[in-house]
Amino acid sequence: MTLTINTNLLSLTARRNLASSDASFTTTIERLSSGLRVNSARDDAAGLAISDRFTSQIRGQNQAMRNANDAVSLLQTAEGAISNVSGSLQRIRELAIQSANATNSVSDRQALQQEVSQLLAEIDRVGVSTEFNTLKVFDQFRNKMVAGGTTGDPDKDAVIEGLQGGWLENTEAMIQAAYGIGGSGNSFTIDLSVFSDGAGGTAARVTSLVGPSGPGTNITLEIDMADFVPPNLPNGGTAPFYSDRIIAHEMVHAIMATGQSWGELANDGTATWFLEGVAEFIHGADERVQADGVAATLADNILAWGSTSVDYSSAYTAVRYLHATTGGTGVTNMLQHLQNTPGQTLSNAFAAVTPYASTAAFVADYNANKAAFIAGFNFGNADTGAIGGADVDGGPVMNAEDIVNDAGSTISTNVLSGFNEIWNEWEEGSGGGTGNILRFHVGANANQTIDTAIGGMNLGALNLTDVDISDVNGANKAILRMDQALEYTSRLRANLGAQMSRFEQTINNLQISAENLTASRSRIVDADFAQETAALSRAQVLQQAGTAMVAQANQIPQGVLALLR
């Protein structure tokens, strides 16, 4: 071994190893004191980057869990409010059923209406003021949201409600009961926009494609909204020419258009008086005859149709005369014959089922006796002169307001038994609209959201702005409205329940994901104490040994002195 004084290689080596032992000892102490394997980037640069991403995901998912829990709380607030609204709706329905009973006086029904008004006010208050953290829970728009659909026009929606809620169903039943005819599953389009000739003109009409013989196709009820506003439910329009009576008139045309001999009738201008007369006879036209004047009606020629009001009065009078002179069966028998027998003209029907040999024979008889017949009309009572009523058949008095029952058995888009309705413009849906869209962030990254729609709960949304049970018609209509609103609230509550269940599953998923991410991060950054304590013992021994060896190495140059002695 070479002995030197200036350079002590053994000491340098010992000191280097001691420094390494010191660094290892320091790292081990740092890990054991912090509990972390990675305390800085120098410990594990890649692991630190990965662990930071894990931390972002874990913290994001923990916040997402809190967001989802807040969403559940908001939905629970909405569901609780809807529960209260449902209770109020049930009570209003109960009161409407009570009001519809014949034992109630006018004052009784007014008292019942007072409670209904208060309950409606509370429903509206709940729909408007229910909040969560100062945020409005329900949609604040007042557009109709209950089941069915909408045209986007409140007036059209109201007219369609009248049609779907009783006008169509009950006028079809009236025609079946009085005339014994009905549709046979034909398509029937209802349109509120395609036709208009201005207020005071033709209020509604039925059109069809028809050949020279046989039934019509593409049967369409075209309503002129200019004559149907304001809607004024339940009867519609203004007295005495209510909208429900107009629909009764047009439904006669619609049903006749399905008949086997519709082509013969529609193409015969001399048969128009019969077509229009039977349509007027179903709901009565005493008011029209009185307004047009008896003299004008008598002067009119029923075979020369001019589409004036007097023509309608004259046609009605002629059909009523036919009914009277045939023992109350002639009109019904003729309609059934024309409906069921192909290739029949009006004259053929007269000859087949009435005492008259032809249309001409009937017209001659009518012209000879119409003055005396009309003189027997009772214009002083409330009866409209409809078939089956007091004036015509000795039945119950049928006044202009009650001749058509405006409350059907349901409110639906398919209320006719003899037709399949097609509603133009009507956006069919389950109700609820898009509602109040709430977007909840339920993930650790951007755009990881769940959208929740909560519909409106105010009177406009529930279509309850004009509920009035102070009369029987209004009470019956209210029952249907309550059924519709309850169906909407039940569906909305079910939807909220489904959404809450989804959020609970979202929370469970986030918990599992956060747990697994935390475990992965732990394997990267957390210290293994068993391993680190073993490393600590090793580092302590090496440090002590290194210190001793440095001391020994520093003594080696002293050997040079022995050579110099």
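The name an unreviewed UniProt entry gives the chain is Flagellin, with Hylemonella gracilis str. Niagara R as the organism. UniProt lists a comment for the chain under the heading Function (unreviewed entry), and it reads "Flagellin is the subunit protein which polymerizes to form the filaments of bacterial flagella."

The subject of this paragraph is the overall build of the chain. Within the chain, the secondary structure is distributed over 17 helices and 10 strands. Once the C-alpha set of the chain is aligned to its principal axes, its extents read approximately 175 × 55 × 35 Å. Going through the 565 residues of the chain one by one, you find that 46% of them count as buried. Computed over 31 positive and 58 negative side-chain charges, the separation of the two mean positions in the chain equals 24 Å.

As a further point, take helix α4 (residues 154–179). In this model, α4 (26 residues) spans 35 Å end to end at C-alpha, consistent with the 38 Å of a helix rising 1.5 Å per residue. By the criterion of burial, α4 is predominantly enclosed, with 21 of the 26 residues buried. G180, located one to two residues past α4, shows a positive phi value of around 70°.

So, on to the packing of helix α11 (residues 330–340) against helix α12 (residues 346–353). Put simply, α11 and α12 touch, their axes get as near as 9 Å, and they point 120° apart. As judged from the angle between their axes, α11 and α12 are oblique. In this structure, the crossing between α11 and α12 has a hand that is right-handed. Where α11 approaches α12, its residues N333, M334, H337 and L338 are matched on the opposing element by L346, A349, F350, A352 and V353. For the contact of α11 with α12, a count of residues per class yields 7 nonpolar, 2 polar and no charged.

Moving on, we get to the UniProt feature "domain: Flagellin N-terminal" (unreviewed entry) in the chain. Those places that UniProt annotates as "domain: Flagellin N-terminal" (unreviewed entry) correspond, in this numbering, to residues 5–140. Across residues 5–140, the secondary structure splits into 77% helix and 3% strand, with the terminal C-alpha atoms separated by 96 Å.

Let us now look at the sheet that holds strand β5 (residues 204–209). What links the strands of a sheet is backbone hydrogen bonding, and the strands pair in either a parallel or an antiparallel sense. Strand order in the open sheet made by the 4 strands is β5-β6-β4-β7, with mixed pairing throughout. Looking along the sheet, the strands with just one partner apiece sit at the ends: β5 and β7 (419–423). The average undirected angle you get between the axes of adjacent strands in this sheet is 25°. The pairing of β5 with strand β6 (residues 217–223) spans 5 bridges and is classified as antiparallel. The residue bridging V206 from the neighbouring strand is L221, located in β6. Against the sheet, α4 engages β4 (186–191), β6 and β7, with an angle of about 165° to β7.

Moving on, we come to the packing of aromatic side chains. If you walk through the whole model with that rule in mind, you get 17 aromatic pairs. Their ring planes at 80° and their centres at 5.2 Å tell us that Y321 and F373 sit as a pair that is edge-to-face. In this pair, Y321 sits in helix α10 (residues 309–325) while F373 sits in helix α13 (residues 359–375), placing the two residues 52 residues apart along the sequence. Residue class for Y321 comes out buried when judged on its relative accessible area of 7%.

A few words on the domain arrangement of the chain. What the domain assignment lists for the chain is domain 1 (1–35 + 529–564), domain 2 (53–140 + 439–516) and domain 3 (154–423). The centre of domain 1, based on its C-alpha atoms, is set 77 Å off from the matching centre of domain 2.

What follows is about helix α15 (residues 472–525). An ideal rise of 1.5 Å per residue puts 80 Å on 54 residues; α15 measures up with 78 Å between its terminal C-alpha atoms. Residue D471 occupies the N-cap position of α15, its side-chain oxygen lying 3.2 Å from the main-chain nitrogen of N473.

Glancing now at the nonpolar core. In this structure, Y179 and F274 are the most contacted members of the largest nonpolar core, which totals 72 residues. The dominant element in this core, judged by the number of residues it contributes, is α4, at 9 residues. Here F274 is in contact with M256, V319, L322, M334, L335, L338 and L346, once residues within four sequence places are set aside. Core analysis: the next-biggest nonpolar cluster, separate from the first, contains 48 residues, V72, A96, L119 and A475 among them.

As a further point, take a negative patch on the surface. A grouping of E401, D402, D468 and D471 is seen on the molecular surface, where their side chains present a negatively charged patch. Taking the relative accessible area as the measure of exposure, D471 reaches 36% and is therefore partly exposed.

Right, let's talk about the confidence of the model for the chain for a bit. Note that predicted coordinates carrying low pLDDT should not be read in detail. Of all residues in the chain, 96% have pLDDT values of 70 or greater, and the mean over the chain is 88. Mean pLDDT values over the elements of the chain span from 51, in strand β8 (residues 427–429), up to 96, in helix α7 (residues 272–281). In this model residues 429–433 is a low-confidence stretch, pLDDT under 50, and it forms 15 contacts with partners more than four residues away in sequence or in other chains.

Rules and cut-offs
Residues numbered from 1 in each chain as written. Predicted model: local features only at pLDDT ≥ 70, side-chain atom pairs only at ≥ 80, totals over all residues. Heavy atoms only, no water. UniProt positions renumbered as here; feature names shortened; annotations may be inferred. Helix = DSSP H or I, 4+ residues; strand = E, 2+ residues; numbered from the N terminus. Buried < 20%, exposed > 50% of the residue type's maximum accessible area, 1.4 Å probe, protein only. Lys, Arg positive; Asp, Glu negative; His and termini not counted. Charge placed at Lys NZ, Arg CZ, Asp CG, Glu CD. Expected span 1.5 Å × (residues − 1). Axes fitted to C-alpha atoms, helices over the stretch in contact; angles between N-to-C directions. Parallel < 35°, antiparallel > 145°, perpendicular 65-115°, else oblique. Left-handed = near helix turned anticlockwise from the far one by under 90°. Contact = heavy atoms within 4.5 Å. Nonpolar A, V, L, I, M, F, W, Y, C, P; charged D, E, K, R; others polar. Pairing = 2+ DSSP bridges. Phe/Tyr/Trp six-rings, centres within 6.5 Å; stacked < 30°, edge-to-face > 60°. Domains from an automatic or database assignment. Polar contact = N/O pair within 3.5 Å; in protein donor to acceptor, adjacent residues only side chain to side chain. Core = buried A, V, L, I, M, F, W, Y, C linked by side-chain atoms within 4.5 Å. Patch = residues over 30% accessible without salt bridge, like charges linked within 9 Å, V, L, I, M, F, W, Y side chains within 5 Å. Areas by Shrake-Rupley, 256 points an atom, 1.4 Å probe, with all protein chains shown as cover. Salt bridge = Lys/Arg side-chain N within 4 Å of Asp/Glu carboxyl O. pLDDT = per-residue confidence, 0-100.

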